[in-house]
Amino acid sequence: MRRFVSILVPLLLVCGFDCVAARAGTIVIANRSPVRIAFQFREGENPPQDITLTSGELCSLSCKQPGKLAYANGDGAHEVPLDLNSVYGFIDTKGEVVLRGVALTSPASEKAAAQARVAKELSAANAVHPAGAGNPAAGNPSAVIPATNPAAPLPAATLPAAALPAGVVPKGAPKGGDEENAKKYLVIPIKVLVDDDETGSSHAWKGRIARRVQAANEIFEKQCRVKFEIVAYDTWVSDNRITDFNQSLAEFERKVKPEPARIAVGFTSQYALPMGHFHLGGTRGPMHPHVLVREWSQQINEPERLEVLIHELGHYMGAVHSPASDSSMRAILGDRQARAKDFRIGFDPINVLAMSMISEAMRVRDVHSLAELPMATQLRLNDIYTSIGAALPNDPTPDQYRQFLRYPQYIPSKKP
């Protein structure tokens, strides 16, 4: 079992606009300019949406088909075609705000090998399910190979995290079992546990963690249309002799079963945090059924504990470490950013795209690993992880997540 343990994290709120109850793809738009941006977005032939992003905001659009974005600057009116499963950013260039696509690509040789493998498997699929006979992708390469961005590209590492304005929170949180909400949100059941070193009463710790999970949901629901729903509470006895976090995670996995939920999220108060760099939370990778976080320490406060939880749930949803210094997915945290009154916890837009794509796939099929995702989704995730890995050559996480993909065949990234 590969090891995926992360440290402290920050997160962000995004403004999410659902095009319809769509499941096909995602378009992420970020405003990196210093000014407020108003634009119109149109999905196919649907009526246009008027959207406004303040400086630093982003929105995640769930769409069934590619769209067009219309905006104006000093050079006049512009209309830009937008591909599904892509990231775009408004930037200030020479005093004018323009929209640019973010370059998310894999090496050409790897792309060619992947497409050859996909073509071979599609041929096999056609033999079993001819086109029009239960195989919608057969004979339709566009359903398998994602298109490229039409706008001039930006380096993947340049987009920072973004956030909703202060005081703006998601509304209409879905309730488990509600058919209409099930169309909009992926509801993931979780079991919450504390160990025997928890000092609070059962009522106290359940309320404290429930509020934290709700705060996390206010972010995930808007960014990637996911809600984590607590379906059970429990406790476990942790070994007081263990002082290493990796060993604590392994012990938690041995002793705790996630049922009746999909994920077991444990909060351990077993030992105090040391000084210096240390693990505040960890999991083994995407869709792994166990997440463990450290609960008590004089060195972190409630906003920082929220960041830890969101970071680890982000890893569960397929997010990797980010080069954006204000992203919840940055690798080394504990810098007290979350304590600042003007700091907005949030994800970077590239990880928002990855999580949104995965959640869209999980909504329509029972997926328990990246290798079970549709081929087109895996190929695009490979682009994302490869691009982030190039910006973080010394961080193993993007390359490790690529190893979970079935398409394309894993090729180790070349390090400088």
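That block above? That's the structure.
An account of the accompanying structure is given in this report.

1. Some thoughts on the packing of aromatic side chains
Moving on, step 1. Scanning all chains against the criterion turns up eight aromatic pairs.
Moving on, step 2. Relative to phenylalanine 90, the ring of phenylalanine 39 has its centre 5.4 Å away and its plane inclined at 40°; by these criteria the two rings are tilted. With phenylalanine 39 in strand E4 (residues 37-43) and phenylalanine 90 in strand E9 (residues 86-93), the pair connects residues that are 51 residues apart, well separated along the chain. With respect to class, phenylalanine 39 is no different from phenylalanine 90; both count as buried.
Moving on, step 3. Ring geometry for tryptophan 205 and tyrosine 233: centres 5.8 Å apart, planes at 70°, overall edge-to-face. Of this pair, tryptophan 205 sits in helix H3 (residues 202-224) while tyrosine 233 sits in strand E13 (residues 226-236), and the two are 28 residues apart along the sequence.
Moving on, step 4. The exposure class assigned to tyrosine 233 is partly exposed, which follows from its relative accessible area of 32%.
Moving on, step 5. Members of the aromatic cluster, connected to one another through ring pairs, are Phe39, Tyr71 and Phe90.

2. So, the packing of H3 against helix H5 (residues 302-316)
Moving on, step 1. One way to put it is that H3 packs onto H5 with a least axis distance of 10 Å and a crossing angle of 55°. When the interaxial angle is binned, H3 and H5 end up oblique. Of the two possible hands of crossing, H3 and H5 adopt the one that is right-handed. Between H3 and H5, the residues in contact are Arg212, Val213, Ala215, Ala216, Ile219 and Phe220 and Glu302, Arg305, Leu306, Leu309, Ile310, Leu313 and Gly314, respectively.
Moving on, step 2. A breakdown of the residues in the contact of H3 with H5 according to their chemical character gives nine nonpolar, one polar and three charged.

3. Let's talk about the environment of lysine 255
Moving on, step 1. Considering the arrangement of structural elements, one finds lysine 255 in helix H4 (residues 245-255).
Moving on, step 2. In this structure the C-alpha to C-alpha distance between lysine 255 and tryptophan 236, which are 19 residues apart in sequence, comes to 7.4 Å.
Moving on, step 3. With near-sequence residues (within four places) excluded, lysine 255 lies in contact with Trp236, Val237, Ser238 and Asp239.
Moving on, step 4. Reaching out from lysine 255, the side chain makes a polar contact with the backbone oxygen of valine 237 at a distance of 2.8 Å.

4. Observations concerning H5
Moving on, step 1. Between its first and last C-alpha atoms H5 spans 21 Å; for 15 residues at 1.5 Å apiece the expected length is 21 Å, and the two agree.
Moving on, step 2. In terms of residue burial, H5 counts as a mostly covered element, since 13 of its 15 residues are buried.
Moving on, step 3. After H5 finishes, the residue glycine 318 shows a positive phi value of roughly 100°.

5. What to know about the side chain of aspartate 395
Moving on, step 1. By the secondary structure assignment, aspartate 395 is in the loop between helix H7 (375-391) and helix H8 (397-402).
Moving on, step 2. One polar contact links aspartate 395 to histidine 321, side chain to side chain, over a distance of 2.9 Å.

6. Re the pairing of strand E6 (residues 58-63)
Moving on, step 1. E6 sits mainly inside the fold: six of its six residues count as buried.
Moving on, step 2. Across the two faces of E6 the burial is the same, with Leu58, Ser60 and Ser62 and Cys59, Leu61 and Cys63 all buried.
Moving on, step 3. The sheet contact formed by strand E3 (residues 25-31) and E6 spans six bridges and is antiparallel. The partner of isoleucine 29 across the bridge, within E6, is cysteine 59.

7. Observations concerning unusual backbone geometry
A negative phi angle characterises most non-glycine residues, just as the trans form characterises most peptide bonds.
Moving on, step 1. Proline 260 follows glutamate 259 through a cis peptide bond whose omega is 10°.
Moving on, step 2. Mapped onto the secondary structure, proline 260 falls in the loop between H4 and strand E14 (263-268).
Moving on, step 3. In this model, asparagine 85 sits at a positive phi of 55°, which is unusual for a non-glycine residue.
Moving on, step 4. With respect to the helices and strands, asparagine 85 occurs in the loop between strand E8 (76-82) and E9.
Moving on, step 5. With phi around 55°, arginine 225 is a residue other than glycine that occupies positive phi space.
Moving on, step 6. In this fold, arginine 225 is placed in the loop between H3 and E13.
Moving on, step 7. Its relative accessible area of 3% is what places arginine 225 among the buried residues.

About the cut-offs
Residues numbered from 1 in each chain as written. Predicted model: local features only at pLDDT ≥ 70, side-chain atom pairs only at ≥ 80, totals over all residues. Heavy atoms only, no water. Phe/Tyr/Trp six-rings, centres within 6.5 Å; stacked < 30°, edge-to-face > 60°. Helix = DSSP H or I, 4+ residues; strand = E, 2+ residues; numbered from the N terminus. Buried < 20%, exposed > 50% of the residue type's maximum accessible area, 1.4 Å probe, protein only. Axes fitted to C-alpha atoms, helices over the stretch in contact; angles between N-to-C directions. Parallel < 35°, antiparallel > 145°, perpendicular 65-115°, else oblique. Left-handed = near helix turned anticlockwise from the far one by under 90°. Contact = heavy atoms within 4.5 Å. Nonpolar A, V, L, I, M, F, W, Y, C, P; charged D, E, K, R; others polar. Polar contact = N/O pair within 3.5 Å; in protein donor to acceptor, adjacent residues only side chain to side chain. Expected span 1.5 Å × (residues − 1). Pairing = 2+ DSSP bridges.

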